[in-house]
Amino acid sequence: MDDTGTVIAFWLLAVITVGSALMIVAVRNLIHAVVFMMVSFVGIAGLYLTLSADFVAVTQVLLYVGAISVLMLFAIVLTPGGSRDNAETFLRLPALALTVLLGATLAYVAIDTDWSLADRGGFTDTASAIGDALLGKYVLPFEIASVLLLAAMIGAIVLVRPEASIEEAEE
Amino acid sequence: MIPINDFLVLSAILFSLGMYGVLARRSAVLILMSVELMLQAVSINFITFAVYLSPEQFTGVIFALFVITVAAAEVGLALAIILRLYRNKQTANVDEADIMKW
């Protein structure tokens with residue numbers, strides 16, 4: 001692994017990710033917030049690559065940037081004017097204080113702890129190893145995840161069904 | 001390699017930003033986006049620990065993949081709930097969904 005290149009890539013991606021994450025919670029326009037969220041998620045995918053977790057990076061781009069961001073856009077355009085007056089609540093200052101405190105605590109604990117690092121870091125050949133793990137050791141959660149997705153899909157359909165069709169079904 | 005602390009501090013910052021969004025903003029969609037940001041911060045932590053502490057096991061990576069799966073289900077349902085809220089109250093601001101507030 002080219003070390004200086006990885007370090008430069010990490011800092012570049014870290015600045016992009018944190019900057020656009022800051023913009024998500026700062027901007028008023030929700031469409032702009034979604035665009036910043038996509039940038040932030042691409043940055044996080046890049047960070048996964050610097051961690052040599054290539055499979056998760058690709059999944060991240062496919063699912064978060066490709067699917068979840070589009071769902072967010074749908075949520076915004078299907079509720080026109082629904083987010084008017086979307087300023088911060090009166091809890092802005094307590095929230096800011098709590099956030100800074102939490103972030104400082106987490107960072108302090110992370111820096112202060114003496115992590116027992118493995119001798120040789122980094123993955124090699126993640127995709128096939130993840131496949132083995134998912135269909136071997138973790139096959140039960142893998143199957144439960146499919147049931148969860150089915151339940152979520154049915155739940156979403158039932159929730160947005162118009163009232164008329166529910167009455168028809170009851171007759 | 002990059003020191004492990006850099007990744008952990010980065011994910012702490014992202015998690016805090018997400019929490020600020022959840023606590024301080026009114027729009028339900030923006031709260032949902034902030035929750036996604038928090039989930040992403042947790043995923044970064046999982047993968048960092050998997051890479052730095054036990055690279056021969058893939059538990060952290062598997063966990064991150066399940067976080068992505070659950071996030072997909074969660075966003076689908078949250079979108080349905082936001083649409084329902086909008087249909088009933090013509091708003092997507094959580095402040096105005098106060099029918100159960102005492």
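The structure this text deals with has already been given above.
Small disclaimer: the values here were computed from a predicted structure and weren't measured.

About the criteria used
- Residues numbered from 1 in each chain as written.
- Chains lettered and ligands numbered in written order.
- Predicted model: local features only at pLDDT ≥ 70, side-chain atom pairs only at ≥ 80, totals over all residues.
- Heavy atoms only, no water.
- Helix = DSSP H or I, 4+ residues; strand = E, 2+ residues; numbered from the N terminus.
- Rg over C-alpha atoms; globule rule 2.2 N^0.38 Å.
- Contact = heavy atoms within 4.5 Å.
- Buried area = accessible area lost by both parts, 1.4 Å probe.
- Salt bridge = Lys/Arg side-chain N within 4 Å of Asp/Glu carboxyl O.
- Polar contact = N/O pair within 3.5 Å; in protein donor to acceptor, adjacent residues only side chain to side chain.
- Phe/Tyr/Trp six-rings, centres within 6.5 Å; stacked < 30°, edge-to-face > 60°.
- Buried < 20%, exposed > 50% of the residue type's maximum accessible area, 1.4 Å probe, protein only.
- Axes fitted to C-alpha atoms, helices over the stretch in contact; angles between N-to-C directions.
- Parallel < 35°, antiparallel > 145°, perpendicular 65-115°, else oblique.
- Nonpolar A, V, L, I, M, F, W, Y, C, P; charged D, E, K, R; others polar.
- Expected span 1.5 Å × (residues − 1).
- Core = buried A, V, L, I, M, F, W, Y, C linked by side-chain atoms within 4.5 Å.
- Domains from an automatic or database assignment.
- Left-handed = near helix turned anticlockwise from the far one by under 90°.

Draft legend 1. Representation of the overall build of chain B within the structure. In terms of regular secondary structure, chain B is built from three helices and zero strands. Its helices and strands in sequence order give chain B the pattern α-α-α, from N to C terminus. In summary, chain B has a C-alpha radius of gyration of 17 Å against a globular reference of 13 Å for 102 residues, an excess of more than 25%. Each principal axis of the C-alpha distribution contributes one length, and for chain B these read about 50 × 25 × 20 Å. Partitioning the contacts of chain B with sequence separation of at least 6, the portion at a separation of at least 24 is 59%.

Draft legend 2. Geometry of the interface of chain B and chain A. Taken together, the contact between chain B and chain A spans 72 residues of the former and 89 residues of the latter. The junction of chain B with chain A conceals about 7200 Å² of combined surface from both sides, 77% of it contributed by carbon and sulfur atoms. Of all residues in chain B, the largest losses of buried area upon contact with chain A belong to Tyr20(B), Arg25(B) and Met33(B), amounting jointly to 10% of the total for that side. Seen at the junction of chain B and chain A, the total is zero salt bridges. Remark: the boundary between chain B and chain A carries 11 residue pairs in polar contact (both at pLDDT 80 or more).

Draft legend 3. Summary view of the packing of aromatic side chains. Per the stated rule, a full pass over the model turns up six aromatic pairs over all chains. Considering the side-chain rings of Phe10(A) and Trp11(A), the 5.2 Å spacing of their centres and the 75° angle between planes classify their relative orientation as edge-to-face. A ring pair is formed by Phe41(A) and Tyr64(A), whose centres lie 4.7 Å apart and whose planes are at 70°; its orientation type is edge-to-face. Note that Phe41(A) is positioned in helix α2 (residues 30–50) and Tyr64(A) in helix α3 (residues 54–77), a separation of 23 residues in sequence. By relative accessible area, which is 0% here, Tyr64(A) ends up buried. Chaining the aromatic ring pairs together yields one cluster made of Phe10(A), Trp11(A), Phe7(B) and Tyr52(B).

Draft legend 4. Focus on the packing of α3(A) against helix α2 (residues 28–53) of chain B. Direction vectors running N to C along α3(A) and α2(B) enclose 170°, while the axes themselves pass 11 Å from each other. On the basis of their axis angle, the class for α3(A) and α2(B) is roughly antiparallel. Between α3(A) and α2(B), the residues in contact are Val56(A), Gln60(A), Tyr64(A), Ile68(A), Met72(A), Ala75(A) and Ile76(A) and Val29(B), Leu32(B), Met33(B), Glu36(B), Leu39(B), Gln40(B) and Ile47(B), respectively. Tallied by class, residues from the contact of α3(A) with α2(B) come to 11 nonpolar, two polar and one charged.

Draft legend 5. Focus on the environment of Leu102(A). Examined against the element boundaries, Leu102(A) turns out to sit in helix α4 (residues 92–112). Exposure remark for Leu102(A): the relative accessible area of 25% places this residue in the partly exposed category. When the C-alpha positions of Leu102(A) and Asp125(A) are compared, they lie 36 Å apart, and in sequence the two are 23 residues distant. Among all residues touching Leu102(A), those that are not within four sequence positions of it are Phe15(B), Ser16(B) and Met19(B).

Draft legend 6. Representation of α2(A). Residue and element names in this part refer to chain A. In this model α2 runs 30 Å from its N-terminal to its C-terminal C-alpha over 21 residues, within 8% of the 30 Å that 1.5 Å per residue would give. The N-terminus of α2 is capped by Asn29, whose side-chain oxygen sits 2.9 Å from the backbone nitrogen of Ile31. In the segment just after α2, Ser52 is the residue with positive phi, at about 60°.

Draft legend 7. The nonpolar core, seen in detail. Counting residues in each nonpolar core, the largest one holds 68 residues, and the members touching the most others are Val56(A), Met72(A), Phe7(B), Met33(B), Ile47(B) and Ile62(B). Elements represented by at least two residues in this core include exactly α1 (3–26), α2, α3, α4 and α5 (126–135) of chain A together with α1 (4–24), α2 and α3 (59–89) of chain B. In terms of domain composition, this core takes at least three residues from each of domain 1 (1–86) and domain 2 (125–171) of chain A. Filtering out sequence-adjacent residues up to four positions away, Met72(A) remains in contact with Val34(A), Met37(A), Val29(B), Leu32(B), Met33(B), Glu36(B) and Val75(B).

Draft legend 8. How the structure looks around the side chain of Thr99(A). The residue Thr99(A) is located in helix α4 in this model. Setting aside chain neighbours within four positions, we find Thr99(A) in contact with Ser16(B), Leu17(B), Met19(B) and Tyr20(B).

Draft legend 9. Structural detail: the packing of α1(A) against α2(B). Where α1(A) contacts α2(B), the two axes come as close as 10 Å, and the packing angle between them is 155°. By the angle between their directions, the pair α1(A) and α2(B) is classed as roughly antiparallel. Crossing hand, α1(A) versus α2(B): left-handed. On α2(B), the residues that touch Ala21(A), Ile24(A) and Val25(A) of α1(A) are Leu30(B), Met33(B), Ser34(B) and Leu37(B). Tallied by class, the residues present in the contact of α1(A) with α2(B) amount to six nonpolar, one polar and no charged.

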